[in-house]
Amino acid sequence: MGVLRLDDVSCRFGDVRGLAGVTLDVPAGQIVALVGMNGAGKTTLMRLALGMLRPEAGTVRLFGHPLATMPVTQWRHVGAFVEVPLAYPELTVRENLRIAGLLRGTEQARVAEALDAWRLGPVADRRYRRLSLGNKQRVGLAAALQHDPRLVILDEPTNALDPASVIVLREYLVRRARDGAAVLVSSHHLDEVARIADRIVVVNAGRLIGELDPAAPALERLFFAQVLADDAQREEQA
Ligand SMILES: Nc1ncnc2c1ncn2[C@@H]1O[C@H](COP(=O)(O)OP(=O)(O)OP(=O)(O)O)[C@@H](O)[C@H]1O
């Protein structure tokens, strides 16, 4: 049983299908990447995994517990960054990291380590709301990861990052998975996910339609071929 498991999970937003019949296992020690076109359902899957959305059908399990009955203390083993960083705009970077640590019962010494690892020292005492987009993203990642979670869920984490921070994140995720964490990450950068992922899962129109071999050459071509074939099949059936 994976650290994160979705069984036949579906959800709708009114008439719009969010996800349909998704089954996915993210085991300890693996990095699973979700790739798909805009609106494919990657964020929706992550929000369901984190209990931010309730499925209309199917079950989400974290650490073997269905979400509805999972002991709340288990959340301290989760580190997530989906859509916007969980940060207080009026507090400084350092204060935000302290609060994130307190929520997870993490030693405060980790704040200094996180500031250092993410090169946030120069902005540690600036208010979060005054930061550049990339620095906000680095604070969000530092806050989500400083407690070394057993389950990591990151939605397009490299979007606004500079190349040095992309490397920090890449090395962290590989190290974390090697230490036994389960990692679910979404991205539009196929080359980047191919460097770190054990599995690349393709999402299209709210379903998981296949996988890509991270070691395969011409990954983009294979990705578009899967998506186009699925679109054509859906059109035929419509
Ligand atoms: N709160 C919502 N209300 C209505 N529709 C929604 C809502 N959230 C998502 N959707 C719809 O669900 C579908 C999947 O969206 P989702 O954000 O999961 O896609 P995504 O793969 O993360 O896309 P992107 O790569 O653009 O971030 C889309 O059709 C989207 O418009």
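Cut-offs used in this document
- Residues numbered from 1 in each chain as written.
- Predicted model: local features only at pLDDT ≥ 70, side-chain atom pairs only at ≥ 80, totals over all residues.
- Heavy atoms only, no water.
- UniProt positions renumbered as here; feature names shortened; annotations may be inferred.
- Axes fitted to C-alpha atoms, helices over the stretch in contact; angles between N-to-C directions.
- Helix = DSSP H or I, 4+ residues; strand = E, 2+ residues; numbered from the N terminus.
- Parallel < 35°, antiparallel > 145°, perpendicular 65-115°, else oblique.
- Left-handed = near helix turned anticlockwise from the far one by under 90°.
- Contact = heavy atoms within 4.5 Å.
- Pairing = 2+ DSSP bridges.
- Near = heavy atom within 4 Å.
- Polar contact = N/O pair within 3.5 Å; in protein donor to acceptor, adjacent residues only side chain to side chain.
- Areas by Shrake-Rupley, 256 points an atom, 1.4 Å probe, with all protein chains shown as cover.
- Nonpolar A, V, L, I, M, F, W, Y, C, P; charged D, E, K, R; others polar.
- 1 Å grid on protein atoms, 1.4 Å probe; cavity = no way out; pocket = protein on both sides within 12 Å on 5 of 7 lines; lining within 4 Å.
- Points joined across faces, edges and corners; volume = space filled by probe spheres on them.

The protein chain carries the name ABC transporter ATP-binding protein in an unreviewed UniProt entry, which gives Oceanitalea stevensii as its organism. The UniProt entry for the protein chain carries this comment under Sequence similarities (unreviewed entry): "Belongs to the ABC transporter superfamily."

### Structural notes on the packing of helix H2 (residues 93-103) against helix H4 (residues 133-145)
Contact pair H2 / H4: the axes reach a minimum separation of 9 Å and the direction vectors enclose 25 degrees. In terms of orientation, H2 and H4 fall into the roughly parallel class. Between H2 and H4 lies a crossing of right-handed hand. Mapping the contact onto sequence places Val93, Leu97 and Ala100 in H2 and Val139, Ala142 and Ala143 in H4.

### Some words on the sheet that holds strand S2 (residues 16-26)
Each strand in a sheet pairs with its neighbour through backbone hydrogen bonds, running either in the same direction (parallel) or in the opposite one (antiparallel). Read across the open sheet, the four strands follow the order S2-S1-S4-S5; overall the sheet is antiparallel. Taken across any chain shown, the strands that pair with only one partner, and hence form the sheet edges, are S2 and strand S5 (65-66). Note that strand S1 (residues 4-13) and S2 share seven bridges and pair antiparallel. Its bridge partner lying in S2, phenylalanine 13 is registered against valine 16.

### With respect to the site of the ligand
Phe13, Val16, Met37, Asn38, Gly39, Ala40, Gly41, Lys42, Thr43, Thr44, Glu156 and His188 make up every residue found near the ligand. Residue glycine 41 places a main-chain N or O atom 2.9 Å away from an oxygen atom belonging to the ligand. One nitrogen or oxygen atom from the side chain of lysine 42 is found 2.8 Å from an oxygen atom belonging to the ligand. Protein burial of the ligand: of its 640 Å² of free accessible surface, 63% is covered by the chains. Of all the elements, helix H1 (residues 42-49) adds the most residues to the shell around the ligand, at three residues. A per-class count over the shell around the ligand returns four nonpolar, six polar and two charged.

### Description of the UniProt feature "domain: ABC transporter" (unreviewed entry) in the protein chain
Here, the residues flagged by UniProt with the feature "domain: ABC transporter" (unreviewed entry) are residues 4-230. Summarising residues 4-230: 33% helix, 26% strand, and an end-to-end C-alpha distance of 26 Å.

### Considering the layout of surface pockets
Approximately 510 Å³ is the volume attributed to the largest pocket. Lining the largest pocket we find 22 residues, and of these Val78, Ala80, Leu86, Leu103 and Arg104 sit closest to its centre. Secondary structure elements with two or more residues in the lining of the largest pocket: strand S6 (78-81), H2 and H4. A per-class count over the lining of the largest pocket returns 17 nonpolar, three polar and two charged.

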